[in-house]
Amino acid sequence: MDNTTGFDPGRYLTRVNGSEYLEVKWRLVWLRDQHPEAQLETDLVNHGDDFALFRAKVTLPSGAVATGWGSEHRDDFRDYIEKAETKAIGRALAALGFGTQFCPDFDFGAARGKVVDAPIDFAATRGNRRDAARQPASSVAASAEIGATAKQLKFIEAMAREANLTPAEVEQIALEAFGGSTRGLSRQDASALIDRLRSRMTDSALAS
């Protein structure tokens, strides 16, 4: 691509948690700028108990393919279904190199501060971000202590089987990352563990 006339991602970066971030909508613009014929498919894999799981698949004309997964719970985002789909799309695009260096989607060391953007204008969400920033610390802490749902725990077990991990290996991951067993995870930590397992599956798929 001729960078003098094509899409320049540097023009559309925003600052989130002190880091540069390229929203999913701009990753999509980047994709269409380089590959107008690229195919994008999304699938609502699981929806119930205020929880949504999406799978997104992006196929380039060259044959390159990447799959991204995104999950969200209503307690974290009111528009959790849209958020889950957007997250899945963003991860699939990042796996193909569109915004990888400008997003924390695969940086699970910062899972507690993970970023999920919605398919809406950034400026329109600034008020919501300010409102969230004004929430009392006690309210944020209380939210983080809500226990993992039964659906989350079952999903962790299912993903572990698909990733060829034994229950002991999953417990070790939970211990190292969150300091306890899977049964003692908060809802937020359970979501982060699901992200870790999903990342392992994505890495395995890209390596195969």
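Given the structure is predicted, the values throughout are model-derived calculations rather than measurements.

Section: the pattern of salt bridges
And then number 1: Within this structure, the stated rule accounts for five salt bridges.
And then number 2: The shortest N-O distance in the salt bridge between R74 and D50 comes to 3.2 Å. In this pair, R74 sits in the loop between β5 (65-73) and α2 (80-95) while D50 sits in the loop between β3 (39-48) and β4 (51-59), placing the two residues 24 residues apart along the sequence.
And then number 3: Looking at D50, the relative accessible area reads 33%, which means it is partly exposed.

Some thoughts on the environment of W30
And then number 1: Here W30 is to be found in helix α1 (residues 24-34).
And then number 2: Sequence spacing of W30 and D8 is 22 residues, and the spatial spacing of their C-alpha atoms is 8.0 Å.

Section: α2
And then number 1: For α2, spanning 16 residues, the distance from its first C-alpha to its last is 22 Å, which sits close to the expected 22 Å at 1.5 Å a residue.
And then number 2: Most of α2 is tucked away: 12 of the 16 residues are buried.
And then number 3: By the burial criterion, the buried members of α2 are Y80, K83, A84, T86, K87, A88, I89, G90, R91, A92, L93 and A94.
And then number 4: Just downstream of α2, G97 is the residue with a positive phi angle, here 100°.

Here's the deal with the sheet that holds β5
And then number 1: A sheet is described by the order of its strands in space; here three strands give the open sequence β3-β4-β5, paired in antiparallel fashion. Two strands close off the open sheet at either side, each with one partner strand: β3 and β5. Neighbour to neighbour, the strand axes of the sheet diverge by 15° on average, direction disregarded.
And then number 2: Note: β3 against β4, nine bridges, orientation antiparallel. Bridging across to β4, L40 finds its partner in V58.

Observations regarding the nonpolar core
And then number 1: If you look at the biggest cluster of nonpolar residues, it comprises 19 residues, and the most contacted ones within it are F155, I156, L165, L185, L193 and L197.
And then number 2: Counting only elements with at least two residues in this core, the list comes to β4, α5 (150-162), α6 (167-178) and α7 (187-207).
And then number 3: The residues touching L185, leaving out its near neighbours within four places in the chain, are G147, A148, I156, F178, A190 and L193.
And then number 4: Grouped together as the second largest cluster of nonpolar side chains are 18 residues, L22, V24, W30 and L31 included.

Structural notes on α1
And then number 1: The set of residues buried in α1 consists of V24, R27, W30 and L31. End-on, the buried residues of α1 take up no more than an arc of 110°, which puts them together on one face.
And then number 2: As for α1, its buried residues are in contact with β2 (19-21), β4 and α2.

A short note on unusual backbone geometry
And then number 1: Positive phi values are uncommon outside glycine, yet D49 reaches one of about 55°.
And then number 2: Position of D49 relative to the elements: it lies in the loop between β3 and β4.
And then number 3: Note on D49: relative accessible area 62%, which makes it exposed.
And then number 4: Even without being glycine, D50 reaches a positive phi, approximately 60°.

Remarks on the pairing of β4
And then number 1: Extensive coverage of β4 is indicated by the burial of seven of its nine residues.
And then number 2: In this antiparallel pair of consecutive strands, β3 and β4, the connection spans two residues, and D49 shows a positive phi of 55°.
And then number 3: Where β4 lies against β5, nine bridges are found, and the strand directions are antiparallel. Directly across from R55, in β5, lies its bridge partner W69.
And then number 4: Counted along the chain from β4 to the antiparallel partner β5, the turn is five residues long, and its residue G63 has a positive phi close to 105°.

Re the confidence of the model for the chain
And then number 1: The predicted model of the chain has a mean per-residue pLDDT of 76, with 72% of residues at 70 or higher.
And then number 2: Ranking the elements of the chain by mean pLDDT puts helix α3 (residues 126-133) last with 44 and β4 first with 95.
And then number 3: Across residues 108-133, where pLDDT falls below 50, the model places 39 contacts with residues more than four positions away in sequence or in other chains.

Basis of the calculations
In every chain, residue numbers begin from 1 and rise along the written sequence. At least 70 in pLDDT is required for a residue's local features to be given in this predicted model, at least 80 for side-chain atom pairs to be given and counted, and no such filter applies to totals for whole chains, interfaces and linings, which use all residues. Here the side-chain values reflect all heavy atoms present in the structure, with hydrogen atoms and water set aside. Every case where a carboxyl oxygen of Asp or Glu lies within 4 Å of a side-chain nitrogen of Lys or Arg is listed as a salt bridge. Numbering goes from the N terminus for both helices and strands, where a helix is a DSSP run of H or I of at least four residues and a strand is a run of E of at least two. Exposure classes here rest on a 1.4 Å probe applied to the protein chains alone. A residue is buried below 20% of its type maximum, exposed above 50%, and partly exposed in between. A helix is expected to span 1.5 Å for every residue after the first. DSSP bridges decide pairing: two strands pair if at least two such bridges lie between them. Every axis corresponds to a line fitted to the C-alpha atoms, with the helix fit spanning only the stretch in contact, and the corresponding angles, defined between N-to-C directions, vary from 0 to 180 degrees. Residues belong to one nonpolar core when they are buried, are Ala, Val, Leu, Ile, Met, Phe, Trp, Tyr or Cys, and are joined through side-chain atoms within 4.5 Å. Contacts: residue pairs with any heavy atoms within 4.5 Å of one another. By construction, the arc corresponds to the directions joining the helix axis to the C-beta atoms. The predictor reports its confidence for every residue as pLDDT, a score running from 0 up to 100.

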